[in-house]
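Results of the structural survey
What follows is each chain in one-letter form.
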Amino acid sequence: MAGIYVHIPFCKKRCLYCDFFSTTLLERRAEYVETLLKEIAKRKNETNEPIRTVYLGGGTPSTLESSDIKRILDAIGLENAEEVTMELNPGDATETYLKTIQAAGVNRLSIGVQSFKDHLLHLIGRRHTAKQAIDAVHWAQKAGFDNISIDLMYALPTQTINQWKEDIQIALNLGIQHISSYGLMYEEGTALTKMRDTGSLEVIDEDTENEMYDYLCERLKNAGFEHYEVSNFALPGYESKHNSSYWDGTPYIGIGAGAHSYMGNIRSWNPDNLNAYISGINSGTLQRESETLTDKDIYNERIMLGLRTHRGISEPTTSQHRANFERLIQNGLLQRTEDKRIVATQQGLHILNRIIEDLMI
Ligand code: SF4
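Residues numbered from 1 in each chain as written. Predicted model: local features only at pLDDT ≥ 70, side-chain atom pairs only at ≥ 80, totals over all residues. Heavy atoms only, no water.

1. Here we look at the sheet that holds strand β13 (residues 313-314)
Reading across the sheet, the three strands line up as β13-β15-β14 and stay open at both edges, with antiparallel pairing between neighbours. Here the strands that pair on one side only, and so sit at the sheet edges, are β13 and β14 (334-336). In terms of strand pairing, β14 meets strand β15 (residues 341-344) through three bridges, oriented antiparallel. Within β15, the residue paired with Arg 336 across the bridge is Ile 342. Of the strands in this sheet, β13, β14 and β15 touch helix α12 (residues 319-330), which is tilted by about 100° from β14. (Pairing = 2+ DSSP bridges. Helix = DSSP H or I, 4+ residues; strand = E, 2+ residues; numbered from the N terminus. Contact = heavy atoms within 4.5 Å. Axes fitted to C-alpha atoms, helices over the stretch in contact; angles between N-to-C directions.)

Below, the structure is given as structure tokens:
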């Protein structure tokens, strides 16, 4: 089984914290969609395996007309697709739009809610309101979507623990099946990082951020969600199949500007530049950069991806690697499960990136 990821790099407005590849040149959407269709036709048979998952991500896929979403999904062919996810900005949601993308084949939504507090949404430069986010979920449910994920952010400037608790409660009241939750990151070069560096933002301290994360894990566990990846929580049976295949090493084809593909031990990627991508596909000269993963790369990926999940990783085989793991187990940052796998403890999850760096070779 394999997956297809399609990147839609358009955003109506740039969020202040974002360092993803995206553009506000909406006037280029039509030629971009035509180019995507060409790339799909050319590459969808790169794998002999049936396409089980499709993911339309961005950027903001919901900046496209629903008719374009349908053309993209028709071009891919959904005969074997079990999960077809589309990211949606609440500001783009209408009852009609949700009905038409569902009819086009989308069966899972990932809605970029981020917060239910308008002042916090405004502070980080999101273009939607809390009411629009709630309406989007209700309309999606009314349209028949029964697999809905929302993104929620914590450690936002000035955010209090009580505000965070309220956000989680509002999310639970919505009756959704999946939550992805990330602490705000101050990425280099973003507008928010500049504001932090000039002292015009009240930044949340690390202890408060950890307290917010621990509350999130505990509250969602009590509500019946499985914490299956460091930032992802799902009701039983609603884990993201597409993202789980990234973590499992399942092959996937990445379509669109900046999209990455993975097949065999080869990772390749399209240029993250709109002009280079469009002209490259249309002239038949697009060169995807690629790298072949070495045994060392594969070991490091296994650590990096495996420790993020609740399945963890198998016992290391060499004595030197085992010693590193034992040290972290002694320190209470990793633990062995009953089936002899190694997973991060709650304390370990707070500093997971540092643990991973420590274990990589
Ligand atoms: S909508 Fe998403 S991709 Fe676009 S600027 Fe905001 S965070 Fe970045």
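2. Quick word on the pairing of strand β10 (residues 260-263)
Looking at chain direction, β10 and strand β11 (residues 266-269) are connected through four bridges and run antiparallel. Counterpart to Met 263 in the pairing with β11 is Ile 266.

3. Observations concerning the domain arrangement of the protein chain
Here the protein chain is partitioned into domain 1 (2-246) and domain 2 (294-361). On a C-alpha basis, the centres of domain 1 and domain 2 stand 28 Å from each other. Buried area between domain 1 and domain 2, summed over both chains or domains, comes out near 890 Å², and the portion from carbon and sulfur atoms is 48%. Sorting the residues of domain 1 by area buried against domain 2 places Tyr 228, Glu 229 and Val 230 first, and these three jointly supply 40% of that buried surface. The interface formed by domain 1 and domain 2 includes two salt bridges. Close ionic contact of Arg 308 with Glu 229 constitutes a salt bridge, the shortest N to O distance being 2.7 Å. (Domains from an automatic or database assignment. Buried area = accessible area lost by both parts, 1.4 Å probe. Salt bridge = Lys/Arg side-chain N within 4 Å of Asp/Glu carboxyl O.)

4. Some words on the packing of aromatic side chains
Per the stated rule, a full pass over the model turns up six aromatic pairs. Between Tyr 5 and Tyr 55 the ring centres are 6.0 Å apart and the planes differ by 20°, which places this aromatic pair in the stacked class. Remark: Tyr 55 occurs in strand β2 (residues 51-58) and Tyr 5 occurs in strand β1 (residues 2-8); sequence separation between them is 50 residues. Across the pair, exposure class does not vary: Tyr 5 and Tyr 55 are buried alike. With a centroid separation of 5.3 Å and an interplanar angle of 85°, the aromatic rings of Phe 10 and Tyr 32 are classed as edge-to-face. Highlighted residues: Phe 10 in the loop between β1 and α1 (29-43) and Tyr 32 in helix α1, separated in sequence by 22 residues. On the basis of relative accessible area, Phe 10 is assigned to the buried category, the value being 0%. By the ring-pair criterion, three or more aromatic residues cluster together here, those being Phe 10, Tyr 32 and Tyr 277. (Phe/Tyr/Trp six-rings, centres within 6.5 Å; stacked < 30°, edge-to-face > 60°. Buried < 20%, exposed > 50% of the residue type's maximum accessible area, 1.4 Å probe, protein only.)

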